[in-house]
Every structure is written in C-alpha cells, then in structure tokens.
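# Overview (structure and organization)
What follows is each chain in one-letter form.
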Amino acid sequence: LLIEEARTNLLTHSNDFTNAVWINTNNSNTANAGVSPDGTSNANKVVPSTNAGVHYTYRDLSFLNTDYSFSVYVASSGYGFATICAGTVGVADYYAVVIDLSDGTQTALYSQGTHSKTVTVEPVGSYYRVTISGNGEKYYVVGASDTGTYTPSNYGFKSFSGDGTSGILVYGAQIEAGAFPTSY
C-alpha cells in the first residue's frame, strides 16, 4: 500500500530524451534502448560522443522560488558513473552529484554558488533513483562519466572524450513541487 500526497510531474516528455525539449551537449540519446524499472524496454541510452568536452542532456525551465525535487533513474550501459545536476544561473550556480552505478554511492559533490539541497539515492533493481531537492532551480542535467571523481568543468561535469558507444540508461525524469520525491 502506497500512501503519499498527489503531485504532478512538471516535466513534459519526461521519458523521451530524444524529444527536442531535451538539449544535448556532446551526447546522443536512443529511445527504448534498455529495460527500465517498470519492466518494459523504454529506457533511454545517453551516449557521450567522441568529442573532447563535457557530455550531458538537460532541460532548461524556470520555477518560482519554492522547493522542488528533481529525480531520475540511472543505470550503467558501459559507463559506471552518472552525474546529476540542478542549478539556477548557468555555470555560476549549480549543484552536481556523481553516483557510482555499481552500488549507488555518492562519489563526489561539486557545487558553485550557494545551495541548500538534499540528495537521496534509492536502489530500484539495477537502477538508482537519484533526487536533488532544493529551492527554485532553473535547469536539470544528467550525463555519464568515466570516473567517480574529477576536476569539474561546466555544471560540475567532467570534460573527457567518450568512446561513442558506452553510456548510461536513463528513465523517468521528474520535477515536482515539494521538498521530497513521490512515485514516478
């Protein structure tokens, strides 16, 4: 029995990272590339390109100055780490966490600006649901990394050259008003 308050996912195309509302930087996305936590083959594969630089997929949105929670399910599909970020003003104000996709541990936290955020990581089968909760974010970012700690570049992401094949599986992005996540 699941008892939780009713919330609305404010993110359109929350499980279609191939839709034009998701912006890619040195990434490609493939829909229906893996089995998701709901048991169907509707996970997206996010693959860093072979270009040198940062690699991520993001949504740029604006919310009022109140608490929001951004969550996304991530799993390995070649790369063993995922970086999840929320921020307000470009590269000057962000909060990024790096998650080890073999055991769900947080290997690094990179931030710029002032933040009052909480991060939760919940195992769900072979995935980890990562949530960043905080106040009034403007953009939400997810990407793969080849290492768990690094010198951060734009938005707390690592600058590297991908192999063009390895990536991470991403499923069920959600943004909701509230200081904690509810079910996708």
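This text goes with the structure placed above it.
Scope of this entry: the structure provided in the associated data block. (Residues numbered from 1 in each chain as written. Predicted model: local features only at pLDDT ≥ 70, side-chain atom pairs only at ≥ 80, totals over all residues. Heavy atoms only, no water.)

With that settled, the discussion passes to the sheet that holds strand β10 (residues 118-124). With antiparallel pairing, the 6 strands of this open sheet are ordered in space as β2-β3-β14-β6-β11-β10. If you trace the sheet from one side to the other, it starts and ends with β2 (27-34) and β10, each paired once. If you compare each strand with its neighbour and ignore which way they point, the axes differ by 30° on average. In this sheet, strand β14 (residues 167-177) lies alongside strand β3 (residues 43-48) in antiparallel orientation, the contact comprising 3 bridges. The residue of β14 that forms the bridge with K45 is L169. (Pairing = 2+ DSSP bridges. Helix = DSSP H or I, 4+ residues; strand = E, 2+ residues; numbered from the N terminus. Axes fitted to C-alpha atoms, helices over the stretch in contact; angles between N-to-C directions.)

This part covers the nonpolar core. The biggest cluster of nonpolar side chains holds 28 residues, and the ones touching the most others in it are V72, V74, I84, V142, I168 and V170. Listing elements by their share of this core, those giving two or more residues are β6 (67-77), β7 (81-89), β8 (93-100), β11 (127-135), β12 (139-145) and β14. The contact partners of V170, leaving out residues within four places of it in the chain, are N15, F17, A43, N44, V46, V72, Y73, V74 and V142. Counting 14 residues, the second largest nonpolar core, distinct from the first, contains Y94, V98, A108 and Y139. (Core = buried A, V, L, I, M, F, W, Y, C linked by side-chain atoms within 4.5 Å. Buried < 20%, exposed > 50% of the residue type's maximum accessible area, 1.4 Å probe, protein only. Contact = heavy atoms within 4.5 Å.)

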